[in-house]
Amino acid sequence: MADWQNLATKAILADGKIDDAEVKILQKELYADGVIDRTEVNFLINLRNQAKGRVTPAFTKFFFKAIKDNVLKDGVIDAAEAKWLRGMLYADGIIDADEKKFLKELKRGAKRVSPAFQKLYEECVGS
């Protein structure tokens, strides 16, 4: 059986970057069922990491929206999700401006956050 994630990653990054046309395709396909699941989010994370910053602003916006939609599907950021977010955000060892903005949006959108998320938020953004 073909590995769809590997195949899609190679096709998207064949020219070395993720452009706006590819973002539109990703949005259409990954949200085809109206939701984005953890497998699809992990695919986007891997894609972003392999692109190494060679992405359009549209991809960055889509990337963080997809993660936000997945994490906030129940309105709560629990300890397990906070741990997962920590690993994803610190994968490259730094928290950039887009990641800080993302954390602020997550916190605003959440009905409730765990102490683990609050700690991550304060470390990255401040109180």
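Each remark here, short or long, concerns the structure printed above.
Now for a look at the structure at hand. Just so we're clear, the structure is a prediction, and the values are computed from it rather than from any experiment.

### As for the overall build of the protein chain
For step 1, the next point in the chain: Within the protein chain, the secondary structure is distributed over seven helices and two strands.
For step 2, the next point in the chain: The C-alpha atoms of the protein chain give 15 Å as radius of gyration, which agrees with the globular expectation for 127 residues (14 Å, within 12%).
For step 3, the next point in the chain: Expressed as lengths along the three principal axes of its C-alpha atoms, the size of the protein chain is roughly 40 × 30 × 25 Å.
For step 4, the next point in the chain: Within the protein chain, the proportion of its 127 residues that are buried is 39%.
For step 5, the next point in the chain: A fraction of 66% describes how many contacts in the protein chain between residues 6 or more apart in sequence connect residues 24 or more apart.
For step 6, the next point in the chain: Of the roughly 7400 Å² of accessible surface on the protein chain, 55% is carried by carbon and sulfur atoms.
For step 7, the next point in the chain: For the protein chain, the centre of its 22 positive side-chain charges and the centre of its 20 negative side-chain charges are spaced 4 Å apart.

### Quick notes on a positive patch on the surface
For step 1, the next point in the chain: A cluster of basic side chains, namely Lys61, Lys100, Lys101, Lys104 and Arg108, defines a positive patch on the protein surface.
For step 2, the next point in the chain: In terms of residue count, helix α6 (residues 97–109) provides more of the positive patch than any other element does, four residues in total.
For step 3, the next point in the chain: Among the structural elements, Lys104 can be located in helix α6.
For step 4, the next point in the chain: Classification of Lys104 as partly exposed rests on a relative accessible area of 37%.

### Comments concerning helix α7 (residues 115–124)
For step 1, the next point in the chain: All of the buried residues in α7 are Phe117, Leu120, Tyr121 and Cys124. What you see down the axis of α7 is that its buried residues fit within an arc of 100°, all on one side. Away from its buried face by more than 90 degrees, α7 exposes Pro115 and Lys119.
For step 2, the next point in the chain: Packed against the buried residues of α7 are β1 (76–77), α5 (79–89), α6 and β2 (112–113).

### Thoughts on helix α3 (residues 38–51)
For step 1, the next point in the chain: Over its 14 residues, α3 runs 20 Å from end to end, which matches the ideal 20 Å to within 8%, given 1.5 Å per residue.
For step 2, the next point in the chain: What α3 keeps buried is the set Glu40, Val41, Phe43, Leu44, Ile45, Leu47, Arg48 and Ala51.
For step 3, the next point in the chain: Against α1 (4–12), α2 (20–30), α4 (57–71), α5 and α6 lie the buried residues of α3.
For step 4, the next point in the chain: Directly after α3, the chain includes Lys52, whose backbone phi takes a positive value near 50°.

Thresholds applied
- Residues numbered from 1 in each chain as written.
- Predicted model: local features only at pLDDT ≥ 70, side-chain atom pairs only at ≥ 80, totals over all residues.
- Heavy atoms only, no water.
- Helix = DSSP H or I, 4+ residues; strand = E, 2+ residues; numbered from the N terminus.
- Rg over C-alpha atoms; globule rule 2.2 N^0.38 Å.
- Buried < 20%, exposed > 50% of the residue type's maximum accessible area, 1.4 Å probe, protein only.
- Contact = heavy atoms within 4.5 Å.
- Areas by Shrake-Rupley, 256 points an atom, 1.4 Å probe, with all protein chains shown as cover.
- Lys, Arg positive; Asp, Glu negative; His and termini not counted.
- Charge placed at Lys NZ, Arg CZ, Asp CG, Glu CD.
- Patch = residues over 30% accessible without salt bridge, like charges linked within 9 Å, V, L, I, M, F, W, Y side chains within 5 Å.
- Salt bridge = Lys/Arg side-chain N within 4 Å of Asp/Glu carboxyl O.
- Arc of directions from axis to C-beta.
- Expected span 1.5 Å × (residues − 1).

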